[in-house]
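A look at the structure
Here is how the chains run, residue by residue.
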Amino acid sequence: MPYRIAVIPGDGIGPEVTAQAVRVLRQVSALDPGLTFEFEELPWGTEHYLTHGTMMPRGALDYLKAFDAIELGAVGDPRVPDDVTLWGLLLPIRQGFDQYVNLRPVRLLQGAQSPLKDRRPEDIDMLVLRENTEGEYSGKGDFLYPGDRQMEMALQTTVFSRRGVERIVRYAFELGRHLGRSVTSVSKGNAMNFSGVFWDRVFREVASEYPDVPSRSYLVDAAAMFFVQDPGRFEVVVTSNLFGDILTDLGAGIAGGLGFAASANLNPERRFPSLFEPVHGSAPDIAGRNIANPIAAIWSVALMLEHLGHPGWSALVLQAIEVAIRDGERTPDLGGSRTTDEVGRAVAQRLAKLRPG
Ligand code: GGG
């Protein structure tokens, strides 16, 4: 049976980079006829919003439920406020499908260049686990006294539930144990005297159940500094929604840029499909020019292959990316002159050389 993959190219450079991710999956299938995919492209995003008033049709989540996985490009368009596009598509899927683990590898690939002096691939290799359904991105809040210049205020409610914190922390410890890696919690338990204190307490409780897994906690400000100064001290990192969002952009920065930042939104219980995406947004300034870096999108399908139970192919796709970069197959953001399409083709070709069909 083929895997059914929903492809939501979305906005801006989304269609260009997802096309390359799909190309690489097709190549995997060509090399391994036992592994087949059926793709369905869903034209959801800002154009859908401008025509129909919603980013995705009513019943979209019910429709998506039937798929084995979802590949998303990007959301965001200057014609529509960013909170409308994000809350119209990506965040409802994460919450609705209980994709509470946002796994973001921060890894300096062979051939990529860190802006940090003398850093080698073995110095930057961590897995950041961002809580993905609540926290600072609960979506709860209010505008009070709107338009009243004396009184108006915005309330943004941060929600940390016992279930929500415990399950992401537990996921981190299970992963740490499985990989033989330490787990670092990042929070802000001094200034955030309710949510931060609670997070730290739950982390300590869960940590006590895993005495074989080394663990430590950092305040988010200190963690940000150490990401730059000494990234090697991080192996598995677990943190809240907002902190994870910010720290993984910083992580992308030290690992060569957003072009190398991939992301898996996982429902570990597999009650719902998981969603895979590049971390970057829609980059409207370069959309349609065939110069966007497709590596993050291609890496995201490597994460998808791993989730679907094909770790060998996942590793090979990553290896093909590394060989292609080393061979100089780079888009302009990496100082190269290759197009999006050429880089996608180069990765697919390297894959065929690594594992001939
Ligand atoms: N690749 C999907 C995308 O466009 N992401 C941009 C974004 O703003 N994401 C917010 C988030 O990851 O929480």
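Owing to the predicted nature of the structure, the values given are computational and were not obtained by experimental measurement.

1. With respect to the side chain of Asp-11
Turning to its location among the elements, Asp-11 is positioned in the loop between strand 1 (3–10) and helix 1 (14–31). Buried and without a salt bridge, Asp-11 has Arg-79 as its closest oppositely charged side chain, separated by 6.5 Å. For Asp-11, the residues in contact, after removing those within four places along its chain, are Gly-45, Thr-46, Glu-47, Met-55, Ala-74, Val-75, Gly-76, Asp-77 and Ser-282.

2. Focus on the domain arrangement of the protein
When its domains are assigned, the protein resolves into domain 1 (1–104 + 257–357) and domain 2 (114–123 + 133–255). For domain 1 versus domain 2, the distance between C-alpha centres works out to 25 Å. Taken together, the contacts link 16 residues of domain 1 with 16 residues of domain 2. Between domain 1 and domain 2 lies a buried interface of about 1,200 Å² when both sides are counted; carbon and sulfur atoms form 61% of it. The largest share of the area that domain 1 buries against domain 2 comes from Gln-95, Tyr-100 and Arg-104, three residues that together contribute 38% of it. Run the count over domain 1 and domain 2 and you get three salt bridges. Asp-98 is the partner of Arg-167 in a salt bridge, and the nearest nitrogen-oxygen pair spans 2.8 Å. One can count five residue pairs in polar contact (both at pLDDT 80 or more) joining domain 1 with domain 2. Mapped by element, the contributors of at least two residues to the side of domain 1 that touches domain 2 are helix 5 (90–96) and strand 4 (101–107). With three residues, the single largest contributor to the side of domain 1 that touches domain 2 is strand 4. Across the side of domain 1 that touches domain 2, the residue classes break down as 10 nonpolar, three polar and three charged.

3. Points about the site of the ligand
Contacts to the ligand come from 14 residues, most closely from Val-75, Arg-130, Glu-277, Pro-278 and His-280. Within the contact set of the ligand, a nitrogen atom lies 3.0 Å away from a backbone nitrogen or oxygen of Gly-73. Between the ligand and Arg-130, the relevant distance is 2.8 Å, taken from an oxygen atom to a side-chain nitrogen or oxygen of the residue. Summarising the interface, the protein chains cover 87% of the accessible area of the ligand, which totals 360 Å² for the free molecule.

4. Observations concerning helix 10 (residues 295–307)
Its 13 residues give helix 10 an end-to-end C-alpha distance of 18 Å, which sits within 8% of 18 Å, the value for a rise of 1.5 Å per residue. Of all the 13 residues making up helix 10, 12 are buried; the element is thus mostly covered by neighbouring parts of the structure. Of the residues making up helix 10, those classed as buried are Ile-295, Ala-296, Ala-297, Ile-298, Trp-299, Ser-300, Val-301, Ala-302, Leu-303, Met-304, Leu-305 and His-307. Among the residues trailing helix 10, Gly-309 stands out with phi positive, at a value near 100°.

The rules behind the values
Residues numbered from 1 in each chain as written. Predicted model: local features only at pLDDT ≥ 70, side-chain atom pairs only at ≥ 80, totals over all residues. Heavy atoms only, no water. Helix = DSSP H or I, 4+ residues; strand = E, 2+ residues; numbered from the N terminus. Buried < 20%, exposed > 50% of the residue type's maximum accessible area, 1.4 Å probe, protein only. Lys, Arg positive; Asp, Glu negative; His and termini not counted. Salt bridge = Lys/Arg side-chain N within 4 Å of Asp/Glu carboxyl O. Contact = heavy atoms within 4.5 Å. Domains from an automatic or database assignment. Buried area = accessible area lost by both parts, 1.4 Å probe. Polar contact = N/O pair within 3.5 Å; in protein donor to acceptor, adjacent residues only side chain to side chain. Nonpolar A, V, L, I, M, F, W, Y, C, P; charged D, E, K, R; others polar. Near = heavy atom within 4 Å. Areas by Shrake-Rupley, 256 points an atom, 1.4 Å probe, with all protein chains shown as cover. Expected span 1.5 Å × (residues − 1).

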